[in-house]
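Chain by chain, the residues run as shown.
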Amino acid sequence: MYMLPGFTTYQEIDGAITVRSEIYQSEIEISDPDIKEEFYQVAQKGCDVLNTPMTKVLHEQKLLVNESDIKDCLDEYRSVLDKTFRVTLMPTEGCNFRCPYCYEDHLPTTMTRHLFEQILAYISDQCTRFENVILSWFGGEPTLCADNVIEASSAIRELREKHGFHYQSSMTTNGYLLNEKLFRELYTAGVTRYQITIDGRNHDRTRPHVSGRGTLEVIMKNIASMTRLPKDVDFHVTLRHNILSGDEDYEWYDHLAEVIGADKRFSVFVKPVGDWGGDSVKMLDICPDSEKDGLVQRHVEYLGKIGLQCDNNVKEPFSNVCYANYPNAMIFRADGKIEKCTIALDHPMNKIGYVDPKLGVIIDQDQQKRWGFHGYRETCAKCTQVTSCLNMKCSKNRIIDGIDCSVCDDFIPQTFLR
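The paragraphs below set out a description of the structure included in this document.

Cut-offs used in this document
Residues numbered from 1 in each chain as written. Predicted model: local features only at pLDDT ≥ 70, side-chain atom pairs only at ≥ 80, totals over all residues. Heavy atoms only, no water. Phe/Tyr/Trp six-rings, centres within 6.5 Å; stacked < 30°, edge-to-face > 60°. Helix = DSSP H or I, 4+ residues; strand = E, 2+ residues; numbered from the N terminus. Lys NZ or Arg CZ within 6 Å of the ring centre and 35° of its normal. Polar contact = N/O pair within 3.5 Å; in protein donor to acceptor, adjacent residues only side chain to side chain. Contact = heavy atoms within 4.5 Å. Pairing = 2+ DSSP bridges. Axes fitted to C-alpha atoms, helices over the stretch in contact; angles between N-to-C directions. Core = buried A, V, L, I, M, F, W, Y, C linked by side-chain atoms within 4.5 Å. Buried < 20%, exposed > 50% of the residue type's maximum accessible area, 1.4 Å probe, protein only.

Brief notes about the packing of aromatic side chains
Aromatic rings considered in pairs are described by the distance between their centres and by the relative angle of their planes.
Part 1 of the reasoning: Applying the stated criterion across every chain yields a total of 14 aromatic pairs.
Part 2 of the reasoning: Judged by centre distance (5.3 Å) and plane angle (75°), the ring pair of Y10 and F39 falls under edge-to-face. Taken together, the residues Y10 in strand β2 (residues 8-13) and F39 in helix α1 (residues 33-45) connect sequence positions 29 residues apart.
Part 3 of the reasoning: An aromatic cluster of three or more residues is present, and its members are F85, Y122, F130 and F332.
Part 4 of the reasoning: For the cation-ring pair, R78 lies above F373, with the distance from its terminal atom to the ring centre recorded as 3.7 Å.
Part 5 of the reasoning: Positioned above the aromatic ring of Y326, the side-chain terminus of R86 is 4.8 Å from the ring centre.

Listed below in structure tokens is the structure:
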């Protein structure tokens with residue numbers, strides 16, 4: 001049986017149907033009324049044989065495929081992940097904030113110089129073997145170790161110029177120390193993508209400084225300074241807004257729009273606060289599951305209304321593949337542990353290696369593979385979102401939490417509209 005897989009999309013505009021493959025980027029246009037009718041029949045029911053010019057062309061362009069070929073198409077697409085070296089560094093686990101919903105202990109652990117040099121040497125050796133290198137900074141608060149960030153990022157950027165691999169560097173930061181001077185230094189070193197959390201009018205309560213004072217004013221000044229940078233300074237900042245139950249303060253977005261204006265280098269991501277661990281989060285009014293989707297949707301709609309970019313519904317290729325599921329991904333912690341998931345720090349199933357003071361980086365390959373790809377669901381073949389997740393969203397659910405992942409909550413089937 002030949003069928004239109006989930007990664008084949010189509011739409012009819014001005015009497016012509018455009019059919020496109022999200023994997024192969026192939027595209028055809030159908031305008032003849034009889035062929036359009038045939039296409040809709042095939043789209044809905046599939047076909048047993050390729051016995052018409054239309055079905056043969058669709059098959060040649062990999063828009064219409066045999067069921068047995070879908071896995072091969074997805075495997076070929078997924079091979080990009082095999083060619084990617086994805087590393088997260090936690091240069092310190094200390095933090096200058098005390099957010100009540102944070103699950104980390106914030107022990108004052110910072111990488112020693114020897115450990116940092118061992119890790120940098122390992123990364124420098126590995127990255128020349130891959131087509132794509134992604135270096136992310138996490139914490140704790142990574143800007144507390146800005147010198148290490150700049151040194152490592154600059155070194156990998158120089159290797160990119162020599163070896164030609166694609167390089168991307170990002171940082172998850174609270175933004176408090178990210179003034180214009182530091183931002184420019186990090187940008188020059190190659191760090192161009194950021195996630196900064198701003199919790200609206202609740203911010204000073206949910207994200208206070210370690211001293212107890214508020215932090216919102218300083219962060220907003222730093223963001224405002226970024227907006228004044230020339231437009232050819234190419235960076236992207238995702239402003240994460242963690243919301244509590246009943247948070248309907250949309251006026252905050254009006255204020256944010258006044259600061260960032262129409263600058264497309266900024267976007268907003270709305271996320272309900274969750275219980276990710278720790279005791280202090282239990283004092284917050286967390287959204288019940290029954291409220292989350294509706295509340296987030298109202299926030300998303302308001303963002304669209306006032307023209308702010310929103311990342312909540314972005315379904316770009318690989319956008320929902322968890323970093324921990326990349327086959328060559330790892331997190332280097334400040335004490336030399338090597339783990340997979342930042343949400344499950346110190347869990348025994350999360351550890352995949354360590355840095356030995358003499359031998360260097362030691363990886364347990366069997367444990368590394370446990371976190372990788374573990375097959376497609378039956379529904380993947382017909383899911384329109386398959387290229388964004390490849391059934392690789394969250395292995396923590398499966399490996400650590402023991403959640404039954406046989407049913408996909410995010411399955412979006414094709415809809416055949418005429």
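After presenting the structure, the write-up continues.
Considering the side chain of S169
Part 1 of the reasoning: With respect to the helices and strands, S169 occurs in strand β8 (residues 166-173).
Part 2 of the reasoning: A polar contact of 3.1 Å, which involves the side chain of S169, links it to the backbone oxygen of L135.
Part 3 of the reasoning: Setting aside chain neighbours within four positions, we find S169 in contact with L135, W137, S153, G190, V191, T192 and R193.

Considering the sheet that holds strand β3 (residues 16-21)
Part 1 of the reasoning: Spatially, three strands are ordered β2-β3-β4 in an open sheet, and the strand pairing comes out antiparallel. What marks the edges here is a single partner per strand, and that holds for β2 and β4 (27-30). Neighbouring strand axes in the sheet, compared pairwise and without regard to direction, differ in orientation by 15° on average.

Some words on the nonpolar core
Generally speaking, a soluble globular protein has its nonpolar side chains buried in company with each other.
Part 1 of the reasoning: Judged by nonpolar contacts, the single largest core of 75 residues is most densely connected at I156, I198, L239, Y253 and F332.
Part 2 of the reasoning: It is helix α4 (residues 113-127) that provides the largest number of residues to this core, a total of seven residues.
Part 3 of the reasoning: Setting aside anything within four residues of it in sequence, one finds I156 in contact with L120, I123, S124, C127, V133, L135, F165 and Y167.
Part 4 of the reasoning: In terms of nonpolar packing, the next biggest core, distinct from the first, is built from 18 residues, M3, I70, L81 and F318 among them.

Examining the environment of N148
Part 1 of the reasoning: Its location among the elements puts N148 in helix α5 (residues 146-163).
Part 2 of the reasoning: With 156 residues separating them in the primary sequence, N148 and G304 have C-alpha atoms 38 Å apart.
Part 3 of the reasoning: In this structure, N148 is in contact with R113, F116 and W137, ignoring residues within four places of it in sequence.

Taken by themselves, the reported measurements are silent on function.
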